[in-house]
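Architecture at a glance
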Amino acid sequence: MVERKLLVLFGSQTGTAQDTAERIGREAKRRHFQCRVEALDSYDVANLINELLVVFVCATTGQGDPPDNMKMFWRFLFRKNLPPGSLCQLDYAVLGLGDSSYPKFNFVAKKLHKRVLQLGGNPLLPVALGDDQHDLGPDAVVDPWLLALWDKILTLYPLPSGLEIISPDVCLPPKYTLHYLAEDSPHPDGGLLQPTAPRAVPSELHPFAARLVSNQRVTAESHFQDVRLIEFDVTGSGITFSAGDVVMIQPQNCPEDVEQFCQLLRLDPDRRFVLKPTEPGTSLPALLPQPCSIRHLVTHYLDISCVPRRSFFELLSYFSTNELEREKLQEFSSAQGQEELYSYCNRPRRTTLEALWDFPHTTCAIPPEYLLDLIPRIRPRAFSIASSMLAHPDRIQILVAVVRYKTRLSKPRRGLCSTWLASLNPEQGDVRVPLWVKKGGMKFPADPDTPVIMIGPGTGVAPFRAAIQERVAQGRRGNCLFFGCRQKSKDFYCQAEWEELVTKGFLTLFTAFSRDQEEKVYVQHRIQENRRLVWELLSSGNAHVYLAG
């Protein structure tokens, strides 16, 4: 009897591909497959030649780029020296998640499908092209494609005799079991963010606990938007970066939300537990200490402020003891209920915590070990670094617009990370923020004589502040900046700094204050007005042009 093993590999940027991959994993378990679900970069790609059945789920980011957690896999797969027949025993299928408003729609999925085919793989189905722009989202393509996929797979690997597909009415076991420790068990010393002895360069798995040095509002108090210039001390971290790089910040939930969540689910925030994987071979969540308190889990790990996905309502429906609530949850998790779910969740940006409020009977019946299956982890947020190490050694500065907006819900929506950062006050003791640095997509010219034209309206100016500081420290003069905002008196970030550089001859500055006169003026108007200079820099100066928004 041939082994019924399925491997699901995902490349995910925002979590949608991971959510879909886990859904395929659950459907595989219902069909009695041994199934592993892994991020592409945590899988040893050299093993691919031994696999018989793989489903790839991958998102496309930016201008047709692979997500961060599949970049190494991508480089390996496109090596010229891979023999053409190396994947000849592989049956595979590729599911793409993209957005058709971008020119390179689902580029990664199409290219992956083609490459595995080139290497001898046998495609079970044409590549699926999920589209965010569809009224029902990617599920409009994913649902029928998965039905066809299981038909194909079950033809190749029929159910063992005497076994039936596990009914959708049966709840699958959780990924981990949760074992509470006795109340009086000894506590290990130290919290999460002890400034650690320098190890390898900080990364997502080992962030650096940077001290917050300053948190200054750079818009007028009367301005509708709160924007902060925030500075971190990274002394001793081993972090290095150049202009255009990005700092990743791991945010946390606010204490009020954590408190509310624990009350709703009747959890004691101070109870401590250890996790054990239900199936051998499942690794524990990398970012959770063992043992861990409920408070730590909810504060630092569970994303209770994200907009819940369809899979959340599906799992929740199993715990419901109330018929009305269960019917609604089942509707939200059905293919037919997706428009309804969209207007309940996505359009008003309702959070997971708010959704739990709406299903009180179900919420208080959630078994704690299912929390890690129910709620995704908090994702790190990326910010352009707004300072240069040459001007500010051992420091990282960022420009943060605090996200706050209204929907039809009475409470304004708030961005998790920006709201948390804005709330931190360095005068209240030693405030630490977990962070690490990533290469950015912008590279500034190595040749000191190449001029640069930078177009950075609003907080888009952040990477250009880093570039200008860096270039000025190197004595380079060909810096031209187009900056735009609403009003000179309210949101002209870093005004004094720019004006000083103009006086010293290091910077040519063009500003567009859209609301300071009757007709609106934007950066594109200033570029047009100065077209002779811009063309001169491009044609004879060979200038590089950068745009950030």
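Residues numbered from 1 in each chain as written. Predicted model: local features only at pLDDT ≥ 70, side-chain atom pairs only at ≥ 80, totals over all residues. Heavy atoms only, no water.

Here is the rule: UniProt positions are given in the numbering used here, feature names are shortened, and annotations may be inferred rather than shown by experiment.
Naming follows an unreviewed UniProt entry, where the chain appears as NDOR1 oxidoreductase of Ciconia maguari. The annotation that UniProt attaches to the chain under Subcellular location (unreviewed entry) is "Cytoplasm".

**Quick notes on the pairing of strand 11 (residues 272–277)**
Spelled out, the test is: A strand pair is defined by DSSP finding two or more bridges across the two strands. Counting from the N terminus, the helices are the DSSP runs of H or I reaching at least four residues and the strands are the DSSP runs of E reaching at least two.
Pairing of strand 7 (residues 176–180) with strand 11 involves five bridges; the strand directions are antiparallel. Each bridged residue has a counterpart across the sheet, and for Y180 the counterpart in strand 11 is F273. Relative to strand 12 (residues 292–293), strand 11 is paired through two bridges, and the arrangement is antiparallel. Opposite F273, over in strand 12, you have C292 as the bridge partner.

**Let's talk about the domain arrangement of the chain**
Put simply, the rule is: The domain limits used here are those given by an automatic or database domain assignment. A quick way to say it: buried area is the sum, across both parts, of accessible area lost when two parts are put together, with a 1.4 Å probe. Whenever a carboxyl oxygen of Asp or Glu lies within 4 Å of a side-chain nitrogen of Lys or Arg, that contact is scored as a salt bridge.
Along its sequence, the chain is organised into domain 1 (5–156), domain 2 (208–251 + 380–438), domain 3 (255–374) and domain 4 (452–547). When each unit is reduced to the centre of its C-alpha atoms, the spacing between domain 1 and domain 3 is 27 Å. Taking both partners together, domain 1 and domain 3 bury about 820 Å²; carbon and sulfur atoms supply 37% of that area. Our enumeration of links across domain 1 and domain 3 arrives at two salt bridges. Between R310 and D143 there is a salt bridge whose closest N-O contact spans 3.1 Å.

**A short note on the sheet that holds strand 9 (residues 227–233)**
For clarity, the threshold we go by: In this analysis, axes come from line fits to C-alpha atoms, helices being fitted only over the stretch in contact, and the angle between any two N-to-C directions falls in the range 0 to 180 degrees.
A sheet is described by the order of its strands in space; here six strands give the open sequence 13-10-17-8-9-14, paired in antiparallel fashion. At either end of the open sheet lies a strand with only one pairing partner, and these are strand 13 (381–384) and strand 14 (395–401). Taken over all neighbouring pairs, the strand axes of this sheet differ in orientation by 40° on average, direction set aside. When strand 10 (residues 246–249) meets strand 17 (residues 432–438), the two strands line up antiparallel, connected through four bridges. Of the residues in strand 17, the one forming a bridge with M248 is W436.

**Section: the side chain of Q469**
Selection criterion: Each polar contact in these results corresponds to two N or O atoms within 3.5 Å; when the atoms are within protein, one needs to be able to donate a hydrogen and the other to accept it, and residues that are neighboring in sequence are counted only if both atoms are side-chain atoms. Contacts are assigned to residue pairs that have any heavy atoms within 4.5 Å of one another.
Relative to the elements of secondary structure, Q469 occurs in helix 14 (residues 462–473). A polar atom in the side chain of Q469 sits 3.1 Å from the side chain of E497. Those residues within four positions of Q469 in sequence are excluded, and the remaining contacts are A386, S387, S388, A391, H392 and E497.

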